[in-house]
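Spelled out from the first residue to the last, the chains are:
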Amino acid sequence: MPNYGEKSYWDLRYSLQDDELFDWLEDYNSLKPILMQILKPEHQIMNLGCGNSELSEKLYEDGFTKITNIDISDRVIEKMKNRNRQTDMSFQVMDAMNMTFANNTFDIIIDKSTIDAILCGENAFLNVAKMLFEGLQFNFMFKIVQRVLVDGGIYIAITYGEPNTRQDHFDRKFLHFDVSVQLMEKEVFWQEGEEINKHKLQHFIYFCRKKPHVYEQILEVYYDSLLQLEQIDEEQSEEQDLLEQWFEQYKIKSNTDITFEQFVQKLQNDPNYELVLKELGYF
C-alpha cells in the first residue's frame, strides 16, 4: 500500500499527472449544495491539502475569491499556481502539521481527504493530532486547525472514515469544537460480462465549529492540573511526571530560575496568558 502520509509519494504522483485534475471522494458538484449553505463571499477560506483538485477553481468561479491553498508537495503547488495565475488565489507549499499562519486567520478550512492521507502514513494518530491541535506532545494535528480558525469558524473534513474511526480525533481533551456529521451516499454501478453490479458508496462530512474563548478554556484546564499537583499521590507518577516536564520546559524556554510555586503564581497572575502558553509549547 502506498504511504499516503509521505511527501515523496505525492511529489512522484503529481510529477506523473501533468496538468490532470483529480478529486478525491466527492467532486465540486456533489459538495456545492452543502458548501453554499455555509460559505460567504467575504470568508477567508483555506483548502487544506489542495492537491490537483478543481475545488478551489470552482469556488472562485462562484464568487468565493479569498482562498488560500496549501499542500506539502511543491510540485503540485507550482502546477496549480501556474494553472490559476489569472486569479488572486494564494498557493503555498506548507505542511498541515506545521502551518505558519497567524492565529484567527480563516473562517473556513476545507479538508478533502487530507486527514485520510495522514492516517495512512507512519505515526498516523500522532500526526492527525498534530494537524488539528499543534502543541502538546499527544495533540498535534488539530491544534493548528483550531488555532488558525476564527471563533465560530468551521473546519470541514470530507472523509471516507465512519464516526467510529474519526470522532475521537475531534474529541480530544484540548480541542474545543462543536462537531456534527453528515452522511453522503450514492450507488456505483459497474458491469462484468452481462452482469451489472452495484455498490453503495459512503463518505462522511464532519463540521467542526470552533467554540469561542478556546484559549481561556485551555488555560482553565491547565490551571486546574497545576493546582491539583499537591494532591497527586506519588504512586501516580505518570501524571506527576507530565506536569513536572511542563514546568521544566518552561524553565528552559524562559531561561529563568523559578520554583514550581512561583511558576503556578506567574500563570495565575499573568494577563498575557497566550504568551505563557506559547512558551509552554501550546501554540
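The structure displayed is predicted, hence computed values, not measured ones. Once a new chain begins, its residue numbering starts again from 1 and follows that chain's sequence as written. Local features in a predicted model are, by the rule used here, given only for residues with pLDDT of at least 70; side-chain atom pairs are given and counted only at 80 or more, and totals for whole chains, interfaces and linings are based on all residues. Hydrogens and water molecules were not included; the side-chain quantities draw on all heavy atoms of the structure.

*Asks:* Got a minute to help me understand the environment of Glu162 in this structure?
*Replies:* Strands here are runs of E lasting at least two residues and helices are runs of H or I lasting at least four, both read from the DSSP assignment and numbered beginning at the N terminus. Residue placement: Glu162 occurs in the loop between β7 (149-159) and α8 (163-170). On a C-alpha basis, the gap between Glu162 and Tyr206 in space is 10.0 Å, while along the polypeptide they are 44 residues apart. What makes two residues a contact is simply this: any of their non-hydrogen atoms within 4.5 Å. Apart from residues no more than four positions distant in its own chain, Glu162 is found in contact with Gln202, Phe204 and Tyr206.

*Asks:* I'm lost on the pattern of salt bridges in this one. Help?
*Replies:* Two side chains with opposite charge may pair up if their charged atoms get near one another. Each salt bridge in this description consists of a side-chain nitrogen of Lys or Arg and a carboxyl oxygen of Asp or Glu lying within 4 Å of one another. Applying the stated rule across the entire model yields 7 salt bridges. For Arg83, the salt bridge identified is with Glu57, shortest N-O distance 2.5 Å. Taken together, the residues span a long stretch of sequence, with Arg83 in helix α4 (residues 74-83) and Glu57 in helix α3 (residues 55-61) at a distance of 26 residues. With a shortest N-O distance of 3.9 Å, Lys58 and Glu61 are connected by a salt bridge. Note that Lys58 and Glu61 are positioned in helix α3 at a spacing of 3 residues, about one turn of the helix. Residue Lys58 is classed as partly exposed on the basis of its relative accessible area, which comes to 29%. Residue exposure (1.4 Å probe, protein chains only): buried if accessible area is under 20% of the type maximum, exposed if over 50%, otherwise partly exposed.

*Asks:* Any chance you could explain the pairing of strand β4 (residues 106-112) here in plain terms?
*Replies:* Residues in a regular strand project their side chains so that they alternate between the two faces of the sheet. Buried residues dominate β4, accounting for 6 of its 7 residues. Looking at chain direction, strand β1 (residues 45-48) and β4 are connected through 4 bridges and run parallel. If you follow Asn47 over to β4, its bridge partner there is Ile110. Any two strands with at least two DSSP-identified bridges between them are counted as paired.

*Asks:* Looking at this structure, how should I read the pairing of β7?
*Replies:* For β7, a buried count of 8 out of 11 residues is recorded, marking the element as mostly surrounded by other parts of the structure. Looking at chain direction, β4 and β7 are connected through 6 bridges and run parallel. Within β7, the residue paired with Lys112 across the bridge is Ile158. Sheet topology note: the β7/strand β9 (residues 195-210) ladder contains 6 bridges and is antiparallel. From the neighbouring strand, Thr159 faces β9, where its bridge partner is Phe204.

*Asks:* Would you mind going over the nonpolar core with me for this structure?
*Replies:* Most often, soluble globular proteins keep nonpolar side chains buried together rather than apart. Nine residue types can take part in a nonpolar core, namely buried Ala, Val, Leu, Ile, Met, Phe, Trp, Tyr and Cys, and a core is a set of them joined through side-chain atoms within 4.5 Å. Leu35, Leu59, Ile110, Ile156 and Ile205 are the most contacted members of the largest nonpolar core, which totals 27 residues. Residue assignment for this core shows that the elements contributing at least two residues are α1 (7-16), α2 (28-35), α3, α4, β4, β7 and β9. It is α2 that contributes the most residues to this core, 4 residues altogether. If you look at the next biggest cluster of nonpolar residues, it comprises 24 residues, including Ile70, Ile144, Val148 and Phe170.

*Asks:* Which parts of the structure should I look at to understand the packing of aromatic side chains?
*Replies:* Aromatic ring pairs are reported here in terms of the distance separating the ring centres and the angle at which the planes meet. Any two rings among Phe, Tyr and Trp, with Trp reduced to its six-membered ring, count as a pair given centres within 6.5 Å; such a pair is stacked if its planes are under 30 degrees apart, edge-to-face if over 60, and tilted if neither. Taken as a whole and judged by the stated rule, the model has 4 aromatic pairs. Grouped by ring-pair contacts, the aromatic residues Tyr155, Phe170 and Tyr206 constitute a single cluster. Across from the ring centre of Tyr160, 5.4 Å away, lies the NZ or CZ of Arg166, which sits over that ring. Charge-over-ring placement is defined geometrically: NZ (Lys) or CZ (Arg) within 6 Å of the ring centre, and within 35 degrees of the ring normal.

*Asks:* Please explain the confidence of the model for the chain as it appears in this structure.
*Replies:* The predicted coordinates should not be examined in detail at positions where pLDDT is low. Values of pLDDT, ranging from 0 to 100, describe the predictor's confidence in every residue of the model. Here the chain averages 78 in pLDDT, and 66% of its residues register 70 or above. Of the regions scoring below 50 in pLDDT, residues 133-139 engages in 40 contacts with residues more than four places distant in sequence or in other chains. Counting interchain partners and residues more than four positions distant, the pLDDT-below-50 stretch residues 229-235 has 8 contacts.

*Asks:* Quick question: what am I supposed to make of unusual backbone geometry here?
*Replies:* Most peptide bonds take the trans configuration, and most residues that are not glycine carry a negative phi. Although it is not a glycine, Leu25 adopts a positive phi angle of roughly 65°. Position of Leu25 among the secondary structure elements: in the loop between α1 and α2. With a phi angle near 55°, Asn104 is a residue other than glycine that sits in the positive phi range. Position of Asn104 among the secondary structure elements: in the loop between β3 (90-93) and β4.

*Asks:* Would you take a moment to explain α8 for this structure?
*Replies:* Residue pairs spaced three or four apart in an α-helix point in one direction, given the helix's 3.6 residues per turn. Within α8, burial applies to Arg166, His169 and Phe170. Along the long axis of α8, the arc covered by the buried residues comes to 95°, so they all point the same way. α8 presents Asn164 and Asp168 as exposed residues on the side facing more than 90 degrees away from its buried surface. The directions considered for the arc are those from the helix axis to the C-beta atoms.

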